[in-house]
Amino acid sequence: QVQLVESGGGLVQPGGSLRLSCAASGSIGAIRTMGWYRQAPGNQRELVATITGGGSANYADAVKGRFTISRDNAKNTVYLQMNSLKPEDTAVYYCYADLIPFGSVRFDDYWGRGTQVTVSS
């Protein structure tokens, strides 16, 4: 069974930094895109950043220049370095992976349970 487990959330003051990690585990055949989405109270889940297996990254306009996504393919792990955090970055951050389990015939979307990030003074 495939699992995605996030870590690294917490409370930080405006202008501060946090680093999120997400490790995919289980019987994984291959992973294509990994990434991060977030959902603030009353809002829909939105894209933060994604990264392909080859390292091509895509960012939401709201986080460009402040957040950096990276990936360790050997560890099936994706990271999100968040700098210059703002109160509007407060949300539950969800890890995402487009992967195919061993024995499966297609790629599917898998999600972590989320980690809370709160930016407040």
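Residues numbered from 1 in each chain as written. Predicted model: local features only at pLDDT ≥ 70, side-chain atom pairs only at ≥ 80, totals over all residues. Heavy atoms only, no water.

Colleague: Can you break down the packing of aromatic side chains residue by residue, with the values?
Modeller: For the structure shown, the criterion picks out three aromatic pairs. Considering the side-chain rings of tyrosine 37 and tyrosine 96, the 5.8 Å spacing of their centres and the 70° angle between planes classify their relative orientation as edge-to-face. Here tyrosine 37 is found in strand β4 (residues 28-39), whereas its partner tyrosine 96 is found in strand β9 (residues 91-101), with 59 residues between them in sequence. Tyrosine 37 gets classed as partly exposed once you look at its relative accessible area, which sits at 22%. By relative accessible area, tyrosine 96 is classed as buried at 11%. Taking 5.1 Å as the distance between ring centres and 70° as the angle between the ring planes, the aromatic pair formed by tyrosine 37 and tryptophan 111 counts as edge-to-face. Residue tyrosine 37 is located in strand β4, and its partner tryptophan 111 is located in strand β10 (residues 108-111); the two are separated by 74 residues in the primary sequence. Note on tryptophan 111: relative accessible area 36%, which makes it partly exposed. Ring pairing ties together the aromatic residues Tyr37, Tyr96 and Trp111, which thus form one cluster. For the cation-ring pair, arginine 45 lies above tyrosine 94, with the distance from its terminal atom to the ring centre recorded as 3.7 Å. For arginine 45, the ring lying beneath its charged end belongs to tryptophan 111, and the centroid distance is 4.8 Å. (Phe/Tyr/Trp six-rings, centres within 6.5 Å; stacked < 30°, edge-to-face > 60°. Helix = DSSP H or I, 4+ residues; strand = E, 2+ residues; numbered from the N terminus. Buried < 20%, exposed > 50% of the residue type's maximum accessible area, 1.4 Å probe, protein only. Lys NZ or Arg CZ within 6 Å of the ring centre and 35° of its normal.)

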